[in-house]
2 protein chains.
Amino acid sequence: MRDCIAPYTQYSILKLNTDFSLPYRYTFYFCLSIITRRMKRTKIATLLSAPEVNAEVLIKGWVRAFRSNRFIQVNDGSTINNIQAVVDFENFDEAILKRVTTGASVAITGTLVESQGAGQAVEIQVKEVEVLGEANPDEVQKTVMQPKKHSLEFLREQAHLRFRTNTFGAVFRIRHAVSFAIHQYFNNEGFYYLHTPIITGSDAEGAGEMFKVTTFEPNNAPVNEAGEVDYTEDFFGKPVNLTVSGQLEAELGATALGQVYTFGPTFRAENSNTSRHLAEFWMVEPEVAFNDLNDNMDLTEDFLKHICNYVLTNCADDLDFLAKREAEADKAKPAAERNELGLKERLEFVANNDFERITYTRAIEILRNSKPYKKKKFKYEVEWGTDLQSEHERFLVEKEFKKPVIITDYPAYFKAFYMRNNDGCEEGKQTVAAMDVLFPGIGEIVGGSQREERLDVLKQKCADFNIPEEHVWWYLDTRKFGTVPHAGFGLGFERMVMFVTGMSNIRDVIPFPRTPQNAEF
Amino acid sequence: MRDCIAPYTQYSILKLNTDFSLPYRYTFYFCLSIITRRMKRTKIATLLSAPEVNAEVLIKGWVRAFRSNRFIQVNDGSTINNIQAVVDFENFDEAILKRVTTGASVAITGTLVESQGAGQAVEIQVKEVEVLGEANPDEVQKTVMQPKKHSLEFLREQAHLRFRTNTFGAVFRIRHAVSFAIHQYFNNEGFYYLHTPIITGSDAEGAGEMFKVTTFEPNNAPVNEAGEVDYTEDFFGKPVNLTVSGQLEAELGATALGQVYTFGPTFRAENSNTSRHLAEFWMVEPEVAFNDLNDNMDLTEDFLKHICNYVLTNCADDLDFLAKREAEADKAKPAAERNELGLKERLEFVANNDFERITYTRAIEILRNSKPYKKKKFKYEVEWGTDLQSEHERFLVEKEFKKPVIITDYPAYFKAFYMRNNDGCEEGKQTVAAMDVLFPGIGEIVGGSQREERLDVLKQKCADFNIPEEHVWWYLDTRKFGTVPHAGFGLGFERMVMFVTGMSNIRDVIPFPRTPQNAEF
């Protein structure tokens, strides 16, 4: 499988000057191979960021292109940038160079020199090329590796290979950076990462349809004497689901450890085939004892700004590439659909501007005084007591304030049972200390609240929401024993990655998207 | 719910000198309350690590104990250490102090002073105590919050409250530290965090029994004309499971991005009720292009040492507590079951010593020449071609080498299909480039291998292991297009947390353990 292509010159000299018998020639190859093996591989990111001109280097990666039988573009995933390796093709066996095709993997040794051409500062003058693995050009042509414009749909069908494209290399390196920024932020702030359960018997959140988890064969589950499914025979002895949120368990942690966060997969079995929904997605849920709604907003804003700053600082090359990609794509769009700010400017804007904070009641007032309302351009009613629709949120974020907006103090009845009832509300106008953070182009990116810490009020809310107390006895216990004010929020991690990469379909920011009728790879 | 206990002295003075009408007294409370609210709360960890003597401070937390109507021990989760708040009880209303009981939550303002008593450097001279939430002592007595020795079984039944104990506070703070050390290590080394799918249609790993995921009602799934379950009607249009490993998907990432790691939940539906198994646990799976088995061992060793060093440096107080706890528990055990080294010494030992690296073949030789073998003390046979049992691994790690041991190059047929066949094996003695890392007291903590990168060999292995190629077409594609040598491993995260905390039951190092017949909370 491995073949060694020695530079033809050296090989010729050997042939010209000596009459090596076979064993000697093997020794020569063996030595070369030893050298290659003993040389430490340098990552391309390192080569390009701190180039040591005239150094002998060994790189390993995949061929992105091979032009004029001379210029090999190699990428190893450490950066979006390729290194150019220049072959003196007259001295290489042409038959062997033919195996250096797009998608093939290679190990290249040579000297790092200042580049003669435009487009790169340094390049490698090749001494040896080893083809580690070939890639049949006829087959490559059918894949996303073929260097040409592919539709995102086609790239999704080949999710196993799309990591090898510039766009998805950039997206998944940035996804990593966002993850790390999150862990770093919370660690620095003294939070503890809490792994809340994925399989759960609890259905208190009421956040949506759930997936069942079982070891039963469908249509072959044991039944009891009454003919009902006998769950005592199932693995956990009762019906269980995939979690929709780790929040309730996070509250258990926060009311002892003070500050915790979750960062894990969550699930919704909702049949919604949109560009903003996944059946399996990652959520970040911090929860802080002694925080009220204002503290919660401060935390959210600081946290989201940290992520933007981190990506701006640490992902410049990938961000540049995605910004150019977006600007190109925008040209083909009608003016109204184009981004007003470029990708990096949007991140800088979030990092440098205070979020607008308004109550739901104020939002309704603004909307009812707005032009689109008066011109009857809104499809949905705007009235105190009805939830805000996407068109309303977009108006507030993209037209009225032109910045991230936090809407607080929503009517209680369309928010979750655990949100804290505000004091002193008018009869019939009970609000809760909830907050939704809306981002331009994305919509709701964070939802949170101060939690109801008063046992008697919480019990009443359980009753109002038809949640039997015996289902949440453990949750109620935190209010029974030394209850404290506390607050938290949930960040849809993929939505944040969409925002920082400018990708407009959520399926393009998670490695292997799970959606209705799709669980490939 | 909130009550304000003003120091009795001030209250008395007010009463003596004036004849305040009710509104004035309210104003007084209101002002006090404003002061409390405007003061910034200091975390106890900060107070104790950098004490500013004579500063006015506000702390919030839970009462761990209240002795002699004078010394309130408060903990806020930021550290295992309590702060002592000293009340001048003659000047406090006794009826109100009675509400300051174990488990109650309090906000305390006062002056930080050097401690008069032994056991702490500083303490708070209390000015004001606000009881945020009471805790009924009769009820508390039935919980793990009652400050006395509880069995770990009892603590597990109250997993929702065990965060409030010293032991579990320490365990879960350290669990966080280990998580962060992992992310930090890989980020520093240029790895990308890859979120591999939790719900998967792939069953290639063959790692064990899987949980089914469905939206079907049990015994009420639609059937096709042949009377078989019609999976096209299920959410994903086919049978799907919870992942047992993200490795195969990680290889897709590594063969494009170069170096990736997963860190996510994995599942086994195995009915094993042991102290080392969970149905839901977290795995860390790095995968590196261009690495061979030696590189893989170097990476593993460096990585595990980093974790030990990180915990030693960053979790000193929690580690001290757990070390003392273990030493106490050891006293009650027969000498043979005691730990030879203390907890911290074990971490230092791993951090400072090279792991022993031996082949499976050499391990068999050593075992067959050992005393227990000759004295027929081993229960299981020791013969080339049979897998090593726990008793053999323990002998090698705990008796023969007394340090972590990496065993490599196992016979192919009891290892996974994707492990690389070693070259030049004797007929019938095919081995693979596998490695298991064994830790004292824990057993296997890491399993890994160089992967089979040769398409023809891998296809043959699929056939040998009865894996239809059409199930793994996407996996085979990485070998078809520019295949490269690569290697990786899986760390059982909970086993690592067991090692660094000294906890001996895996259910005590994960917040909410999932085991057969148990999915509480």
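Given the structure is predicted, the values throughout are model-derived calculations rather than measurements.

Q: I'd like a description of the overall build of chain A, backed by residues and values.
A: Looking only at helices and strands, chain A has 17 helices and 17 strands in total. Along the first, second and third principal axes, the C-alpha atoms of chain A reach 100 × 65 × 40 Å. When the 521 residues of chain A are sorted by exposure, 56% land in the buried category. Nonlocal contacts in chain A, meaning residues at least 24 apart in sequence, comprise 68% of its contacts between residues at least 6 apart. As displayed, chain A offers around 22300 Å² of accessible surface, 47% of which is attributable to carbon and sulfur atoms.

Q: Got a sec to walk through the relation of the copies chain A and chain B? Specific residues and values, please.
A: Screw-axis analysis of chain A against chain B gives a translation of 0.0 Å along the axis, an RMSD of 0.0 Å, and a rotation angle of 180°. Such a turn and shift between the copies fits a two-fold axis. When C-alpha positions in chain A are compared against the rotation axis, the closest is assigned to Asn219(A), at 1.8 Å. Interface overlap between copies: 100% of the residues of chain A at the interface are likewise at the interface in chain B, consistent with a symmetric, same-surface contact.

Q: Go over the pairing of strand β12 (residues 280-289) of chain B, please, and point to the residues and values.
A: Residues and elements named next belong to chain B. Most of β12 sits inside the fold, with ten of its ten residues counted as buried. Burial along β12 is two-sided: Glu280, Trp282, Val284, Pro286 and Val288 and Phe281, Met283, Glu285, Glu287 and Ala289, pointing in opposite directions, are all buried. Alignment of β12 against strand β17 (residues 486-492), held across five bridges, turns out to be antiparallel. Paired with methionine 283 across the two strands is glycine 492, which belongs to β17.

Q: Go over the pairing of strand β14 (residues 405-408) of chain B, please, and point to the residues and values.
A: Successive residues of a regular strand alternate their side chains across the two faces of the sheet. All names here are of chain B. Side-chain alternation along β14 places Val405 and Ile407 on one buried face and Ile406 and Thr408 on a second face that is also buried. Sheet analysis places strand β13 (residues 356-359) next to β14, joined by four bridges and oriented parallel. Paired with isoleucine 358 across the strands is isoleucine 407, a residue of β14. Summarising the sheet, β14 and strand β15 (residues 434-439) pair through four bridges and their orientation is antiparallel. Within β15, the position partnered with isoleucine 406 by the bridge is valine 437.

Q: Before we move on, can you summarise the packing of aromatic side chains with the specific residues and values?
A: The description of an aromatic ring pair rests on the distance of the ring centres and on the angle between the ring planes. Counted under the stated rule, the structure contains 65 aromatic pairs over all chains. Taking 5.4 Å as the distance between ring centres and 40° as the angle between the ring planes, the aromatic pair formed by Phe290(A) and Trp62(B) counts as tilted. Placement of the pair is Phe290(A) in the loop between β12 (280-289) and α9 (293-314) and Trp62(B) in strand β2 (residues 56-67), with the two residues belonging to separate chains. The same class applies to Phe290(A) as to Trp62(B), namely buried. Positioned over the ring face of Trp384(B) is Lys429(B), at 4.7 Å from the centre of the ring.

Q: Pulling in residues and values, what's your account of the sheet that holds strand β15 (residues 434-439) of chain A?
A: All names here are of chain A. As summarised here, the arrangement of the eight strands in space is β7-β11-β12-β17-β16-β15-β14-β13, forming an open sheet in which the pairing is mixed. Bordering the open sheet on either side are β7 (192-193) and β13 (356-359), each of which pairs with just one other strand. Here β15 runs beside strand β16 (residues 443-450); their pairing, made up of six bridges, is antiparallel. If you follow alanine 434 over to β16, its bridge partner there is serine 449. Each of β7, β11 (259-267), β12 and β17 (486-492) touches helix α7 (residues 166-188); the most contacted strand, β11, lies at about 150° to it.

Q: Which residues make up the interface of chain A and chain B, and what are the values?
A: Taken together, the contact pairs 117 residues of chain A with 117 residues of chain B. Viewed at the interface, chain B and chain A are joined by six salt bridges. Note that Glu139(A) and Lys480(B) form a salt bridge whose closest N and O atoms lie 3.7 Å from each other. Inspection of the region where chain A meets chain B yields 55 residue pairs in polar contact (both at pLDDT 80 or more). Among the elements that make up the side of chain A that touches chain B, the one with the highest residue count is α7(A) (ten residues). Classifying every residue of the side of chain A that touches chain B by side-chain character gives 56 nonpolar, 37 polar and 24 charged. Here strand β9 (residues 212-214) of chain A pairs with strand β9 (residues 212-214) of chain B via three bridges, running antiparallel. Bridging from a neighbouring strand, Lys212(A) pairs with Thr214(B) of β9(B).

Q: Account for the pattern of salt bridges, naming residues and giving values.
A: Under the counting rule described, the total for this entry stands at 61 salt bridges over all chains. Residue Lys212(A) is joined to Glu217(B) by a salt bridge in which the shortest nitrogen-to-oxygen separation is 3.4 Å. Within this pair, whereas Lys212(A) is found in strand β9, its partner Glu217(B) is found in the loop between β9 and β10 (240-242), the two belonging to separate chains. According to the relative accessible area criterion, Glu217(B) is partly exposed, its value standing at 42%. In this structure, Arg173(B) and Asp318(B) form a salt bridge, with 3.0 Å as the shortest nitrogen-oxygen distance. Here Asp318(B) lies in helix α10 (residues 316-331) and Arg173(B) lies in helix α7 (residues 166-188), a separation of 145 residues in the sequence.

Q: How would you sum up the environment of Ala121(B)? Please name residues and give values.
A: All names here are of chain B. Relative to the helices and strands, alanine 121 resides in the loop between β5 (105-114) and β6 (122-133). With relative accessibility at 61%, the residue alanine 121 sits in the exposed group. A C-alpha to C-alpha distance of 61 Å links alanine 121 and glutamate 453, two positions 332 residues apart in sequence. Once residues lying within four places of it in the same chain are set aside, the contact partners of alanine 121 are Val113, Glu114 and Ser115.

Q: With reference to specific residues and values, describe the side chain of Thr478(B).
A: One can find Thr478(B) in helix α16 (residues 473-480). Given the relative accessible area of 3%, Thr478(B) is considered buried. A polar contact of 2.6 Å, which involves the side chain of Thr478(B), links it to the backbone oxygen of Tyr475(B). Among residues more than four places away in sequence, those in contact with Thr478(B) are Arg164(A), Leu252(B), Thr255(B) and Thr483(B).

The rules behind each value
Residues numbered from 1 in each chain as written. Chains lettered and ligands numbered in written order. Predicted model: local features only at pLDDT ≥ 70, side-chain atom pairs only at ≥ 80, totals over all residues. Heavy atoms only, no water. Helix = DSSP H or I, 4+ residues; strand = E, 2+ residues; numbered from the N terminus. Buried < 20%, exposed > 50% of the residue type's maximum accessible area, 1.4 Å probe, protein only. Contact = heavy atoms within 4.5 Å. Areas by Shrake-Rupley, 256 points an atom, 1.4 Å probe, with all protein chains shown as cover. Least-squares fit on C-alpha atoms with pLDDT ≥ 70 in both. Pairing = 2+ DSSP bridges. Phe/Tyr/Trp six-rings, centres within 6.5 Å; stacked < 30°, edge-to-face > 60°. Lys NZ or Arg CZ within 6 Å of the ring centre and 35° of its normal. Axes fitted to C-alpha atoms, helices over the stretch in contact; angles between N-to-C directions. Salt bridge = Lys/Arg side-chain N within 4 Å of Asp/Glu carboxyl O. Polar contact = N/O pair within 3.5 Å; in protein donor to acceptor, adjacent residues only side chain to side chain. Nonpolar A, V, L, I, M, F, W, Y, C, P; charged D, E, K, R; others polar.

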